[in-house]
Amino acid sequence: MVPKKEKKRSKGVIKERKEKVLSALEELGEQVYDQLGKKEFPSFKMPSRSISNIIYDEKTRQYILGKRNVKRSARNVRHIRPFTQLLWTAMFVDELTAQNKTSTLRDVFYSAQAYEMDFQDQQESDNLITDLETVTGFSREDFDVFPEERSAIFGDLTIEYTVPGYEGRTLNLASHPDGVMIGPALTTSEFVRPDKRKVDKVIAIEKGGLFTRFIEERVHQRFKSVLIHTAGQAPRATRFLLRRLNQELDLPVYIFTDGDPWGMHIAMVIISGSANAAHLRELNTPDAIWGGVWATDIVDYKLPSDPLTDLDIKRLNELEKDPRYAGGLWQREIETFRKVRKKSEQEAFSRYGLTYIVDEYLPKKLKLKSN
Amino acid sequence: MTVAEVFQEISAADFFYRNRDIAGFTSPSRAIYSTIRELVENSLDACETGGIPPDIYVRLSHESGPLDGPGTYVLRIEDNGIGVPGDVIPSAFGQVLYGSKYKLRQTRGTFGLGGKMALLYGQITTHTEAQITSSNSTKSRITDIALRTDIQQNKPIVLKKKTRTNKTHWKGTIIEFKTEADYSRAMSKILEYFKQTAIIVPYANLTFVDPRGRLYRFIRGTSKVPPAPTETSPHPHGVDVETVQRMLKLTNAKSLQEFLRKQFQRIGETTARKFLQYSSLGQKKNPKNLSPGDIVKLVNAMKNYEDFLSPDPTSLSPLGEDLLATGIKKELGITEEETQNGTAFVTTLQRKPATYSGFPFIIEVGLASSKQIGGEGKILLFRFANKIPLLFDEASDVSWKVVDQLIDWRNYRVIPGETPLAVFVHVCSTKIPYKTVGKEFIADRPEVEHEILNAIREAGRNLRLYLSKREHLAQEKKRVDVFEKYLPKVAQFSTKLAKAKKEPDIKPLLKGLIKYGAEEGEEEE
């Protein structure tokens, strides 16, 4: 624990955001309440999430929703149920947020039953959370609804909790050698601005094995970095955290994944967001850098490899046409994957000794200024 | 030469005794069902002949033996029918085939054979006599007779006979006798028989006291008895060589022309002359002098001659659309209120008379839909022939073929497995085309099948109207229910979310819904 006096608080970003969330929810309630007061069937509009309305925005370098709206009206017999469910969800998360309590998607599903708000299944209640995200523009984590966690963080960065019972307490993220789970408490914490001489970058790693290796090899000290384990495709909370580290603390973000189309896409979702979350902003880190493993690395480092499967090739073809992959590096790597028809895991560097990846490969990649 | 004449030493009673399986007396359980059925039907006929609304009382009491297997029982049947004159009682109840006649009209039994078979079965299994009490007029004395049948001689043996004054001006018949029965096995069929009889004879009061002392009462829904059928002579298309031979023996006619005019329906002088020309049998020929070859020739000519008028349907006694509807409603427990407010539906239909093989017939059908029917969405079929319910071998019956295979119920808005539906088919004829002697199911004669199919189709149009209206109402109600469920919640949640104190009043919105309907479908803009 870092003594309170020494820390330089970051701006109170989390607190500010929470207030915005609460007022957005209240606004939604007022809108419906006022319409009912005027003896009108309440309705509201929100951006359409249909595929034809998902477009790639060059400026923010992510998928966003287009201009088309859908109207949800309580007068429509097919709408009134989801309409009511949405309001219930808003009410539920409003209480959750106001009381600083967190819950999971599963909790939302079960809590609804107490109000005779019969969700048919988990999918239906999940969809309504997505609706609420679309209406308010905030993500479910802002409403304190979290998926099951599996992602972790490690490094010489101090955070200050805002969760009840821990408010104002701080934790240095290097204090536990397994890393710290990126859960609700961590996601809602404020950062204490780190000393740039000690921390000047973030390294996101797809695989747990390598994350542990990096901690053992003291990568956080040798390369002045905060390490994040994405555990495959990074959860939204982790993507949000990466963005905050990048934007609030001006730390460049490097991503290391397996050298295959799927690993490449893990990096891309961190950089440019996903189509699924096109209704949300501020989940991507446009300036993050994919450090590897590239297809060209497989060639240059003569890495042990496996042949690409048909499924891998199919995925490559899809990605080639994806506007997020328009950049030079991405097209070059897709092309190379196609040519060599090989893929390699991050662990493949172990061929040259367990520390080769840290000693030789990493320093080279961390010199990259952009993709 | 007939079979009966070849085996002259075997009496008719003996013949039926030896072949009792045919008449439905195969086992103690089947026998008690057949016994009750035959005697109830005789009683019903006795009432209807006199235009009397039947009041039938049946009591089966246990005498000895196990309750869950074959034992000895006492059966008592009382009716308020036309009664039997005292001097006729012995032959009427103790002689098989007594009163056989070659006139035709629609009755339940053909020759009153079944009732005598029932008494015979009781006599054989218990070695006791039957007690018959009858009065054929409110003014005459009552006759009490104890009798049994001499099976080998086919003759009644009167053991006791006395008459007494009729103080209560009673008319009717009471039969009481012992018989072997297995009530535990037959119970469900017997009760089903009474229930279905109550449907097809809605003007009857039926009372049944079973061996366990339980009282089943089926009250009439009307006292209107349909007019009794008139007796008619056979139609020339509906006779065979054997029948004609017997008719020739009995006739007093001096010429063939006279024989035809007197013994057959639809034959006048002109038709008789033209037909005899066609048959090339002499007009004046004495009917007693026909050779066996002539008789065959005559019958064949009758079958092939196409210019006879259709059989006379006045010998039929259908129930009528109103009575059938009364019977269906009362036994399914459908009230007038339910049919008026649309929660239940009954439609009945009677077709015009039609004929098959020289026999007139009329088809009546009923369709009912209501929650009382149950059946878990399976269509329930109730079959009747000449006001008798048919309870066995449903799947072999022509009505089943029509209902199960020939009609596509979806055309009538029936949702298979969901819509409760009962179908009632009543076949009235001077000769029901039973497939077997068991008289439990009707053969798929093309003419009969065609009439049943058309009857159900015609009645089905009303069913379709009803079901589509109900469907519409149900949808409307479902729609309003959705709003009634969710709109209060919308008010509650939004009030809480807006941190307001008072919930908005949503009643005007709900009212408006019922009036104007609501928007449908997704709107994008």
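Being a predicted model, the structure only gives us computed values, none of them experimental. (Residues numbered from 1 in each chain as written. Chains lettered and ligands numbered in written order. Predicted model: local features only at pLDDT ≥ 70, side-chain atom pairs only at ≥ 80, totals over all residues.)

Residues and elements named next belong to chain A. Looking at chain A, pLDDT values average 87 and 97% of them are 70 or higher. Within chain A, no element has a lower average pLDDT than strand β5 (residues 103-104), which sits at 75, and none a higher one than strand β14 (residues 253-256), at 96. The low-confidence segment residues 1-8 (pLDDT under 50) makes 12 contacts with residues lying over four places distant or belonging to another chain. (pLDDT = per-residue confidence, 0-100. Helix = DSSP H or I, 4+ residues; strand = E, 2+ residues; numbered from the N terminus. Contact = placed C-beta atoms within 7 Å.)

Taken together, the 32 residues of chain A in the interface contact 27 residues of chain B. Those elements giving two or more residues to the side of chain A that touches chain B turn out to be α1 (13-37), β4 (69-73) and α2 (80-98) of chain A. Of the residues in the side of chain A that touches chain B, the class split is 16 nonpolar, seven polar and nine charged. (Nonpolar A, V, L, I, M, F, W, Y, C, P; charged D, E, K, R; others polar.)

Bringing the sheet that holds strand β11 (residues 190-192) of chain A into the picture now. One key point about sheets: their strands pair by backbone hydrogen bonds, in either a parallel or an antiparallel sense. All names here are of chain A. Read across the sheet, three strands follow the order β9-β8-β11 without closing on themselves; strand pairing throughout is antiparallel. Edge positions in the sheet fall to β9 (170-172) and β11, since each has one partner strand and no second. On average, adjacent strands in this sheet sit at an angle of 30° to one another, irrespective of strand direction. Relative to β11, strand β8 (residues 158-160) runs antiparallel, the two sharing three bridges. Looking across to β11, one finds that Ile159 is bridged to Phe191. (Pairing = 2+ DSSP bridges. Axes fitted to C-alpha atoms, helices over the stretch in contact; angles between N-to-C directions.)

Residue and element names in this part refer to chain B. Look at helix α11 (residues 321-332): 16 Å from first C-alpha to last across 12 residues, which is about the 16 Å you get at 1.5 Å a residue. Burial in α11 covers these residues: Leu323, Leu324, Ala325, Thr326, Gly327, Ile328, Lys329 and Glu331. Looking at the buried positions of α11, the neighbouring elements they touch are α6 (183-200), β9 (345-350), β11 (359-369) and β14 (422-429). (Expected span 1.5 Å × (residues − 1). Buried ≥ 20, exposed ≤ 12 C-beta atoms within 10 Å, placed from the backbone.)

Glancing now at the sheet that holds strand β15 (residues 289-292) of chain A. All names here are of chain A. Strand order in this open sheet of six strands is β10-β7-β13-β12-β14-β15, and the pairing throughout is mixed. Every other strand in the sheet has two partners, leaving β10 (180-181) and β15 as the edge strands with one partner each. Where strand β7 (residues 152-154) meets strand β13 (residues 225-229), three bridges bridge the pair, whose relative direction is antiparallel. Counterpart to Ala152 in the pairing with β13 is His229.

We now examine the environment of A:Asn100. Residues and elements named next belong to chain A. With respect to the secondary-structure elements, Asn100 resides in the loop between α2 and β5. When the 15 C-beta atoms within 10 Å are taken as the criterion, Asn100 is described as partly exposed. With 43 residues separating them along the chain, Asn100 and Phe143 place their C-alpha atoms 9.5 Å apart. If near-sequence neighbours (up to four positions away) are discounted, Asn100 is found in contact with Val163 and Pro164.

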